[in-house]
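Secondary and tertiary structure notes
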Amino acid sequence: MTKISAIAAVALLLAGVAQAQAVKPALYGEVGYSFITIDAGGPDLEPGLLRGIVGWNAHPYLAVEGLLATGVKDDNTDGVKTKVSNAYGFYLKPKYDFGNGIQVFGRLGYVHTKIKSSFGGLSASGSDDDVSYGVGVSYAFSKQWYGALDYTSYYNKDGVKASGVTLGAGYRF
């Protein structure tokens, strides 16, 4: 299933690049704060992330993105301190621009995440990767600056779910 998804993503990307000859490539960057909820079967954990995205508009309806995030807020539930150390990955971003500054988009990609927990003098960490997906909306304040709001599922397997809402600002180069 993963190989089929990867092949389909590459085919979609190549089709978009072939169509992009009439469109000038546009690079953009986005920084945001992510309110994350981790559900591992006990009380929900709510660490915070600082998320950065660099993207390239390969086609008017498709962008390719790279993600890098780091934990900036720890969760302290029942004496256990939990922090997302880092996350990185990539996305395909289908999008539609309504022409009045509003754009809706989806994201489909793959993300690797590392989480650390500590209790007293003991600590442990774990990392894994999974398919990541999300939906969102952005609003252009000017030709270069925009604000964005999205919901993203970063991880969902083995009884653990990590997802959240991100409020961000971006700049088109």
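Coordinates for the structure precede this section.
What comes next is a walk through the structure.

Counting its secondary structure elements, the chain contains 1 helix and 9 strands. Put simply, the chain runs from its N terminus to its C terminus through helices and strands in the order α-β-β-β-β-β-β-β-β-β. Pairs at least 24 residues apart make up 53% of the contacts formed inside the chain by residues separated by at least 6 positions. For the chain, the accessible area works out to roughly 9,900 Å², and carbon and sulfur atoms hold 65% of it.

On to empty space enclosed by the protein. To find the voids left in a structure, one rolls a probe of water-molecule size over its atoms. According to the stated counting rule, one finds 1 cavity of 30 Å³ or more in the structure shown. Computed from the structure, the largest cavity encloses a volume of approximately 50 Å³. Residue lining of the largest cavity: Ile 36, Leu 49, Val 84, Ala 87, Thr 113, Tyr 154 and Ala 162, and that is the complete set. Residue composition of the lining of the largest cavity, by class: 6 nonpolar, 1 polar and no charged.

Now for the nonpolar core. Formed by 14 residues in total, the largest nonpolar core has its most connected members in Ile 36, Ile 38, Leu 49, Leu 67, Tyr 91, Val 111 and Tyr 154. Elements supplying a minimum of two residues to this core: β1 (26-39), β2 (48-59), β3 (62-73), β5 (80-97) and β8 (145-157). Among all residues touching Leu 49, those that are not within four sequence positions of it are Gly 32, Tyr 33, Ser 34, Ile 36, Ala 69, Thr 70, Gly 71, Val 72 and Val 84.

Reading guide: rules and limits
- For every chain, the first residue of the written sequence is number 1, and numbering continues from 1 onward in sequence order.
- Restriction of local features to residues with pLDDT of at least 70 applies here, the model being predicted, together with a cutoff of 80 or more for giving and counting side-chain atom pairs; totals for whole chains, interfaces and linings are based on all residues.
- Values reported for side chains reflect all heavy atoms of the structure, with hydrogen atoms and water molecules removed beforehand.
- Where helices and strands are cited, they refer to DSSP runs of H or I of at least four residues and of E of at least two residues respectively, numbered from the N terminus.
- Note on contacts: a residue pair is in contact if any heavy atoms of the two residues lie within 4.5 Å.
- Under the convention used here, a 1.4 Å probe and the Shrake-Rupley method define accessible areas, while residue burial counts only the protein chains that appear.
- Site definitions follow a grid-based scheme: protein atoms alone, a 1 Å grid, a 1.4 Å probe that fits but cannot get out for cavities, and for pockets an open set with protein on both sides within 12 Å along at least five of seven lines, plus lining residues having an atom within 4 Å of a point.
- Grid points are joined across faces, edges and corners, and a volume is the space filled by probe spheres set on the points.
- Throughout this entry, Asp, Glu, Lys and Arg are counted as charged residues, while Ala, Val, Leu, Ile, Met, Phe, Trp, Tyr, Cys and Pro are counted as nonpolar. The remaining residues, Gly among them, count as polar.
- Buried Ala, Val, Leu, Ile, Met, Phe, Trp, Tyr and Cys residues form a nonpolar core when they are joined through side-chain atoms within 4.5 Å.
- Residue exposure (1.4 Å probe, protein chains only): buried if accessible area is under 20% of the type maximum, exposed if over 50%, otherwise partly exposed.

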